[in-house]
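One-letter residues, chain by chain:
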Amino acid sequence: MTTTPIAAPEKATPPPATPTKISRRRELLSLYLAISPFYILFAIFGVFPIVFSIYLSFQNWDGIGDMQFVGFAQYQFLLSDPQFWKVLLNTFQIWIISTIPMLAIALVVAFLLNQQIRAKGSYRIAYFIPNVTSIVAITLIFGSIFSNQFGLVNAFLEWIGVEPVQWLTEPWPIKIAVAAIVIWRWMGYNALIYLAGLQAIPNDLYDAARVDGASWVQVFFRITVPMLRPIILFTVITSTIGGLQLFTEPQLLLGNAGGPGSEGQTISLYLYQQAFTLNDFGYGAALSWAMFIVIILFSIINWRLVQGTGTRGLRIRRGARS
Amino acid sequence: MTTGERVKSTVTHLLLIFGVLLSIFPFYWMFLMATRTTPEIFRYPPALVPGSHLLENIRNVFASIDFWGSTWNSFLVAGITTVLVLFFSSLAAFAFAKFDFPGKNVLFIFLLATFMVPGQLSIVPQFAIMAQLGWVGTLQALIIPGAVSAFGIFLLRQYAEGAISSELLDAARIDGCGFLRQYWNVAVPLLRPALAFLGIFTFIGQWNDYLWPLIIMINPEQLTLQVALSQLFGVYATDFSMVMAGTLLAVIPLLIVFFIGARQFLADLAAGALKQ
């Protein structure tokens, strides 16, 4: 600290105290060292496996013996594999029946939370709890709630005089049960993201609507939804990526085969079954590439859809204002 | 407040409370089942108040799986990963946020691009690599691949740009601090709120991870808590009350971690989502 009187005038001039080439070189070295762990680990556990998985997808390999080159036959088999198309359809169906209700409810919850109400912080915490709890634990709980004979849902249905449903054995009920877990777990998360977006919307828009005597429903559909478009896009894309990788819920609820008739088997679950329980690593790698392509395609389609309808909405609003 | 406003506010609260009840109910149901015997659970109509068999069920859990062993494994994996992620990510984020070096932008864009790669794309070869390294069934197979996170670097960099003033760094430099001293004495204390968020986020994520530990931990005595729980379910599927007691024990530590950091966590989560 004795150097302070000398250092103080120097502070006005930007260059560091000893601007020699050596110290700059030493600084650069420490900077590259500081960022290197990510690149090293990503090279070993990210890039290399991806390249390796392309190679692997052209081989037959049980993980122990020699690899056997099969080339595009692997992908030909994949495209003609009825089970692949089946799990793709399952994944898509579960994704649709979970994502649409989930995001719709989340939007309404966010809208309600954005009103001038008390205890906002406590509501936010309560709505986020499902997301931080273990998926394994939650799936086990839902497994008992949806249990065919004694489950709570069926007890309730019986109480209101409706025939009980075979939740874990019938094609659509299986998918609804899986979707229910997804909705329950991610609704609050998305609601909080929407809420953050809502808080960025200028208040004068709402004030103007109030002065004009707009109803709740009008405010929601004319201001809230259009203004949130970019954030809705973000949540749609993230839930697409998450939804297409769905694994834990169907695996625990229904087993590796996805229940009777494989009605709950997702692409991820099929990949796991092929690679890690049947030791068909080559096919597993090919499936992971198929999954990757599907995720990319879906993300592009979603982006187009949400973006497209959004700009149209914007144009109408602009037209209306002028 | 006018009558109209009061009605509106009441309706809003009622709807929100209904949503909260749906969010909380499965936990209450878990607790109920953990306190009853399995035959009691399957009785109709279902009981909606706790029973008196909690301790007995917990004892059964301890007798069926190595609960403390797998909890310890989970704790080690989640704890060590969190420390490594915080250290490596903040170091890189500080370098990216506050210094210039050749190739910085390209390297950062590459880092962002890795967000797009789904983990399951490389899961099969990753297992093969672990087998080659002889790491199958070891804790480092769970820790090392996740020891730095692109998300963590991105998040901390955004935060560091605003939180660390360049004047402060200049002053430290004039006092003779090298990069590491600037990192440790200036950056780390200022980054503390963002580090807290990333720490909780990483810990919960690791604690809950299921697919990778399921693949890599092959011996029953090395399981993490999530995998051990799933085995409890697989083997003793009929003893729901015991499974639920295990589930209850597994959920409590997470809820504690979450409640400690909840407010900070939620504020930062929302902010992070908006920036993306």
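For every chain, the first residue of its written sequence is number 1, and the numbers climb from 1 along that sequence. Ligands are numbered from 1 and chains lettered from A, in the order in which they are written. It should be noted that, the model being predicted, local features are given only for residues of pLDDT at least 70 and side-chain atom pairs only at 80 or more, the latter also being counted only at that level, while totals for whole chains, interfaces and linings use all residues. Based on all heavy atoms of the structure, the side-chain values leave hydrogens and waters out of the count.

(A) Local environment of the nonpolar core. Within this scheme, the nonpolar core is defined by two criteria: the residues are buried Ala, Val, Leu, Ile, Met, Phe, Trp, Tyr or Cys, and they are joined through side-chain atoms within 4.5 Å. When accessible area is computed with a 1.4 Å probe and restricted to protein chains, residues below 20% of their type maximum are described as buried, those above 50% as exposed, and intermediate ones as partly exposed. With 190 residues, the main nonpolar core has A:Tyr194, A:Phe276 and B:Met244 as its most contacted residues. Setting aside residues up to four positions removed in sequence, B:Met244 forms contacts with A:Leu140, A:Ile141, B:Met30, B:Met33 and B:Ala34. By definition, residues are in contact when any of their heavy atoms lie within 4.5 Å.

(B) Geometry of the UniProt feature "domain: ABC transmembrane type-1" (unreviewed entry) in chain A. Within this numbering scheme, the UniProt entry marks residues 88-302 of chain A as carrying the feature "domain: ABC transmembrane type-1" (unreviewed entry). Labels follow the DSSP assignment, with helices taken as runs of H or I lasting at least four residues and strands as runs of E lasting at least two, numbered in each case from the N terminus. The span residues 88-302 of chain A carries 76% helix and 0% strand; its end-to-end C-alpha distance comes to 17 Å. UniProt positions are given in the numbering used here, feature names are shortened, and annotations may be inferred rather than shown by experiment.

(C) Main features of the interface of chain A and chain B. Across the contact, 87 residues belong to chain A and 89 residues belong to chain B. The term buried area means the drop in 1.4 Å probe accessible area that two parts suffer when joined, counted for both and summed. Each partner contributes to the roughly 7900 Å² buried at the junction of chain A and chain B, and carbon and sulfur atoms together form 80% of this total. Pairs of N or O atoms are called polar contacts if they sit within 3.5 Å, as long as, within protein, a hydrogen donor faces a hydrogen acceptor (for residues adjacent in sequence, only side-chain-to-side-chain pairs). If you look at where chain A meets chain B, you find 16 residue pairs in polar contact (both at pLDDT 80 or more). The dominant element in the side of chain A that touches chain B, judged by the number of residues it contributes, is helix α2 (residues 21-56) of chain A, at 22 residues.

(D) Molecular detail of the UniProt feature "transmembrane region" (unreviewed entry) in chain B. Residues and elements named next belong to chain B. According to UniProt, the positions carrying the feature "transmembrane region" (unreviewed entry) are residues 12-31, 75-96, 108-129, 135-156, 183-204 and 240-260. Annotation note: span residues 12-31, helix share 100%, strand share 0%, distance between end C-alpha atoms 29 Å. Secondary structure across residues 108-129 comprises 59% helix and 0% strand; the distance between its end C-alpha atoms is 27 Å.

(E) Main features of the side chain of A:Gln115. Locating A:Gln115 in the fold gives a position in the loop between α4 (82-113) and α5 (120-132). Owing to a relative accessible area of 17%, A:Gln115 belongs among the buried residues under this scheme. Within the structure, A:Gln115 has its side chain in polar contact with the backbone oxygen of A:Phe111 (distance 3.0 Å). If we skip the residues at most four places from it in the chain, A:Gln115 touches A:Lys120, A:Trp216, B:Lys8 and B:Thr12.

(F) Structural view of a nonpolar patch on the surface. Here, patches come from residues exposed beyond 30% relative accessible area and free of salt bridges, joined within 9 Å for like charges and within 5 Å for nonpolar side chains (Val, Leu, Ile, Met, Phe, Trp, Tyr). For the accessible areas, the method is Shrake-Rupley and the probe is 1.4 Å, while residue cover comes only from the protein chains on display. Any Lys or Arg side-chain nitrogen located within 4 Å of an Asp or Glu carboxyl oxygen qualifies as a salt bridge. Together, A:Phe156, A:Trp159, A:Ile160 and A:Val162 make up an exposed nonpolar region whose accessible area comes to about 450 Å². Residue placement: A:Val162 occurs in the loop between α7 (152-159) and α8 (171-199).

(G) Summary view of the packing of α4(A) against helix α11 (residues 229-244) of chain A. Residue and element names in this part refer to chain A. Angles here are taken between N-to-C directions and fall from 0 to 180 degrees, while the axes themselves are lines fitted to C-alpha atoms, restricted in helices to the stretch in contact. In the contact formed by α4 and α11, the axes pass within 10 Å of each other and the chain directions differ by 145 degrees. For the crossing formed where α4 meets α11, the hand is right-handed. Residues Thr91, Trp95, Thr99, Met102, Leu103 and Leu107 of α4 lie in contact with α11, whose contacting residues are Ile232, Thr235, Val236, Ser239, Thr240, Gly243 and Leu244. Crossing handedness is read from the near helix: turned anticlockwise from the far helix by less than a right angle, it gives a left-handed crossing, and turned clockwise, a right-handed one.

(H) Highlighting the environment of A:Asn90. Residue and element names in this part refer to chain A. Within the element layout of this structure, Asn90 appears in helix α4. Linking Asn90 and Trp172, residues 82 residues apart in sequence, is a C-alpha distance of 9.8 Å. Once residues lying within four places of it in the same chain are set aside, the contact partners of Asn90 are Lys175, Ser262, Glu263, Gly264 and Gln265. Of the polar contacts made by the side chain of Asn90, one reaches the backbone oxygen of Ser262; its length is 2.8 Å.

(I) Local environment of the packing of aromatic side chains. Aromatic contacts are taken between Phe, Tyr and Trp rings whose centres are within 6.5 Å, Trp giving its six-membered ring; a plane angle under 30 degrees counts as stacked, one over 60 as edge-to-face, and the others as tilted. Inspection of the entire model under this criterion finds 53 aromatic pairs over all chains. Ring plane angle 15 degrees and centroid distance 5.7 Å describe the contact between A:Phe48 and A:Phe52, whose orientation is recorded as stacked. Taken together, the residues span about one helical turn, with A:Phe48 and A:Phe52 both in helix α2 at a distance of 4 residues. What makes A:Phe52 buried here is its relative accessible area of 16%. For the pair A:Phe281 and B:Phe127, a centre-to-centre distance of 5.9 Å together with 15 degrees between the ring planes defines the contact as stacked. Here the residue A:Phe281 occupies a position in helix α14 (residues 281-321), and B:Phe127 occupies one in helix α6 (residues 123-133), the pair thus bridging two chains. B:Phe127 matches A:Phe281 in its accessibility class, with the two residues each being buried. Following the ring pairs from residue to residue traces out a cluster consisting of A:Trp61, A:Phe247, A:Tyr272, A:Phe276, A:Phe281, B:Phe127 and B:Tyr210. Two limits define a charge over a ring: the Lys NZ or Arg CZ must be within 6 Å of the ring centre, and within 35 degrees of the ring normal. Looking at A:Lys175, its charged tip hangs above the ring of A:Trp172, at a distance of 5.3 Å from the centre. Positioned over the ring face of B:Phe108 is B:Arg157, at 4.1 Å from the centre of the ring.

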